[in-house]
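Listed below are the residues making up each chain.
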Amino acid sequence: MQRRNRIVQISLFLISKCHFSSSSIIPLTNFDYPYSKPTDDDDDDPLYADVPKPRKDKSERKPYPTPMKELIRRAKEEKQLRKSHPCRVLEDPPDNGLLVPELVHVAHRVHRCRASLLSGLSRIVHHHVSVHRCRFCCEVHIGKEGHGIRTCTGPGSGSRSATHVWKRGRASDVVLFPKCFHLYDRAIKPRVLHDERFTVPKISAVLELCIQAGVDLEKFPSKRRSKPVYSIEGRIVDFEEVNNKNSETAVTTPLQDNDLCISGEKKSLKELSSETMDSWFEMVTGVKELMERYKVWTCGYCPEIQVGPKGHKVKMCKATKHQMRDGMHAWQEATIDDVVGPNYVWHVRDPDASALDNSLQRFYGKAPAVVELCVQGGAPVPEQYKSMMRLDVVYPQRDEVDLVA
């Protein structure tokens, strides 16, 4: 104990003799090491953009896109409005049951790009670029053979040292389109009850968003109105059905033939890949525009999604704390990644080279599976994904890994 006190006294004496200024001391985290913590400037610089990290603790809720204080403020304003005007006509579409006129052509464009994207992916996967997926987890890889990076989290991964077991993939494994319940009348009946879970069809959330925004499909009919609905003490009432029972045949914009036709002419792999990537970016941009006016909900603990004014009441959540909610979903505002899953995969710089090595994992980049598939098909690398794909990083050899800082 006396020796320890003596050492402390000597240390304090040496520190008092040395004259350091706070500005001359540089923290270690500011050095540009591969393992250093990024600074605020690095987060703003697109050159340091990286793949969004998955949630380490799946019991935690997804972050709210809109701050909770803003949501509380909106709820209070809506409550005060209902008290001051118990009976009122809803003026803003699509809450009043009408379509947003300026977004009808956007919905048709998104529907057309979705069909073009699926057709292009199918042709590329079946004839040109190979897709592999793990048998036990959701990992997908684009290339001639599966990678050797040990990131499997499926059943029995511990006995395999987290090594993936690859099988042949399909075009549906490249892009993720989560499904949701189809709503016939989003204004009067915005929720699907638990007993209706087998009678109401489930379709892609992007397709449901297009239908609610103005795309008409015979297989999935939707209620169209010519007059807005009323709100009476918080309940939505439609007087148009009482006055005119044939109100379902409202004027809408039908799908044109060129909206669904897919060019059957033969194209080179490079042209097909470029068109497929353009369709992907155009579809994502259109979905973002639609989500600004048409509400989309997702569960805070599981991938369930629902397009409409409210989330459904089907008791099918099996995520964290579902017993406390009686299987109900914890609905919150959805983001673009919830509607169109990017499905990040490892970037393969040379498809003809050997498989990706587990020891070189921190030197490899990533990209959305659609972008990686199209880039391997000959499409140019998009500017927003160049840093994420680590194109400026030189891969060391396996025997040089220990020599790299």
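Fair warning: this is a prediction, and the values are worked out from it, not measured in the lab.

Trainee: Outline the nonpolar core, supporting the account with residue identities and numerical values.
Mentor: Residues Trp280, Met283, Val287, Val339, Val340 and Leu373 are the most contacted members of the largest nonpolar core, which totals 53 residues. Counting only elements with at least two residues in this core, the list comes to α4 (104-127), β3 (140-142), α5 (205-213), α8 (269-291), β10 (305-307), α9 (336-339) and α10 (369-376). Look past the residues within four positions of Val340 in its chain and what remains in contact with it is Val175, Leu176, Phe177, Val206, Trp280 and Met283.

Trainee: Tell me about the packing of α4 against α8, residues and numbers included.
Mentor: Between α4 and α8, the shortest axis-to-axis distance is 8 Å and the interhelical angle comes to 145°. Along this stretch, α4 crosses α8, giving a crossing that reads as left-handed. For the pair α4 and α8, contact is made by Val106, Ala107, Arg109, Val110, Cys113, Arg114, Ser116, Leu117, Gly120, Leu121, Arg123 and Ile124 and by Leu269, Leu272, Ser273, Thr276, Ser279, Trp280, Glu282, Met283, Gly286, Val287, Glu289 and Leu290, respectively. Tallied by class, residues from the contact of α4 with α8 come to 13 nonpolar, 6 polar and 5 charged.

Trainee: So, unusual backbone geometry: which residues are in play, and what are the values?
Mentor: Each neighbour pair has its own omega, and for Pro93 with Pro94 the value is 5°, a cis peptide bond. By secondary structure assignment, the location of Pro94 is in the loop between β1 (87-89) and α4. The residue Asn343 is not glycine, and still its phi comes out positive at about 55°. Its place among the elements puts Asn343 in the loop between α9 and β12 (344-346). Here Asn343 falls in the buried class, since its relative accessible area comes to 14%. The phi angle at Arg390 is positive, at roughly 55°, despite the residue not being glycine. With respect to the element layout, Arg390 can be found in the segment after α10.

Trainee: How would you explain the pairing of strand β2 (residues 131-134) if you had to name every residue and give the values?
Mentor: With 3 bridges joining them, β2 and β3 adopt antiparallel strand pairing. Counted as the bridge partner of Arg133 is Val140 from β3. In textbook terms, the turn of a hairpin is the stretch between consecutive antiparallel strands, and for β2 and β3 this stretch comprises 5 residues. Looking at chain direction, β2 and strand β4 (residues 166-168) are connected through 3 bridges and run antiparallel. Counterpart to Arg133 in the pairing with β4 is Lys167.

Trainee: Help me get a handle on a nonpolar patch on the surface, residues and values and all.
Mentor: Judged by side-chain polarity, Tyr64, Met68 and Ile72 come together as a nonpolar surface patch covering roughly 260 Å² of accessible area. Topologically, Ile72 is positioned in helix α3 (residues 68-84). A relative accessible area of 41% means that Ile72 is categorised as partly exposed.

Trainee: Pulling in residues and values, what's your account of the packing of α8 against α10?
Mentor: Closest axis-to-axis distance for the α8/α10 pair is 8 Å, and the angle between their directions is 160°. Taken together, the axis directions place α8 and α10 in an arrangement best described as roughly antiparallel. Handedness of the crossing formed by α8 with α10: left-handed. Note on element contacts: α10 touches α8 through Val370, Val371, Cys374 and Val375, opposite Ser273, Thr276, Met277, Trp280 and Phe281. Taken together, the residues that form the contact of α8 with α10 break down as 7 nonpolar, 2 polar and no charged.

Trainee: Give me α5: which residues, what numbers.
Mentor: Side chains three or four residues apart in an α-helix point the same way, a direct result of the helix having 3.6 residues per turn. Within α5, 9 of the 9 residues are buried, leaving the element largely enclosed by the surrounding structure. All of the buried residues along α5 are Ala205, Val206, Leu207, Glu208, Leu209, Cys210, Ile211, Gln212 and Ala213. One or two steps after α5, the chain reaches Gly214, where phi turns positive at roughly 135°.

Cut-offs applied
Sequence order sets the numbering: in each chain, residues are counted from 1 along the sequence as written. Residue-level local features of this predicted model are given only where pLDDT is at least 70; pairs of side-chain atoms are given and counted only at 80 or more, and the full residue set underlies all totals for whole chains, interfaces and linings. As a convention, hydrogens and water are excluded, and side-chain values are obtained from all of the structure's heavy atoms. Only buried Ala, Val, Leu, Ile, Met, Phe, Trp, Tyr and Cys residues count toward a nonpolar core, and they belong to the same one when joined by side-chain atoms within 4.5 Å. Any residue under 20% of the maximum accessible area for its type is buried, any over 50% is exposed, and the rest in between are partly exposed; the area is computed with a 1.4 Å probe on protein chains only. The helix count covers DSSP runs of H or I at least four residues long, the strand count covers runs of E at least two residues long, and both are numbered beginning at the N terminus. Here, residues are in contact when the closest pair of their heavy atoms is within 4.5 Å. Between N-to-C directions, angles span 0 to 180 degrees; the directions come from axes that are lines fitted to C-alpha atoms, helices contributing only their stretch in contact. In this scheme the crossing of two helices becomes right-handed for a clockwise turn of the near helix relative to the far one and left-handed for an anticlockwise turn of less than a right angle. Three categories are distinguished: nonpolar for Ala, Val, Leu, Ile, Met, Phe, Trp, Tyr, Cys and Pro, charged for Asp, Glu, Lys and Arg, and polar for the others, with Gly belonging to the last. By definition, two strands form a pair when at least two bridges between them are found by DSSP. Patch membership is restricted to residues that have no salt bridge and whose relative accessible area is over 30%. Joining uses 9 Å for like charges and 5 Å for the nonpolar side chains Val, Leu, Ile, Met, Phe, Trp and Tyr. Note that accessible areas follow from Shrake-Rupley with a 1.4 Å probe, and for residues the cover is restricted to the protein chains shown. Salt bridge, as used here: a side-chain nitrogen of Lys or Arg that lies within 4 Å of a carboxyl oxygen of Asp or Glu. The labels follow the angle: roughly parallel below 35 degrees, roughly antiparallel above 145, roughly perpendicular from 65 to 115, and oblique for the rest.

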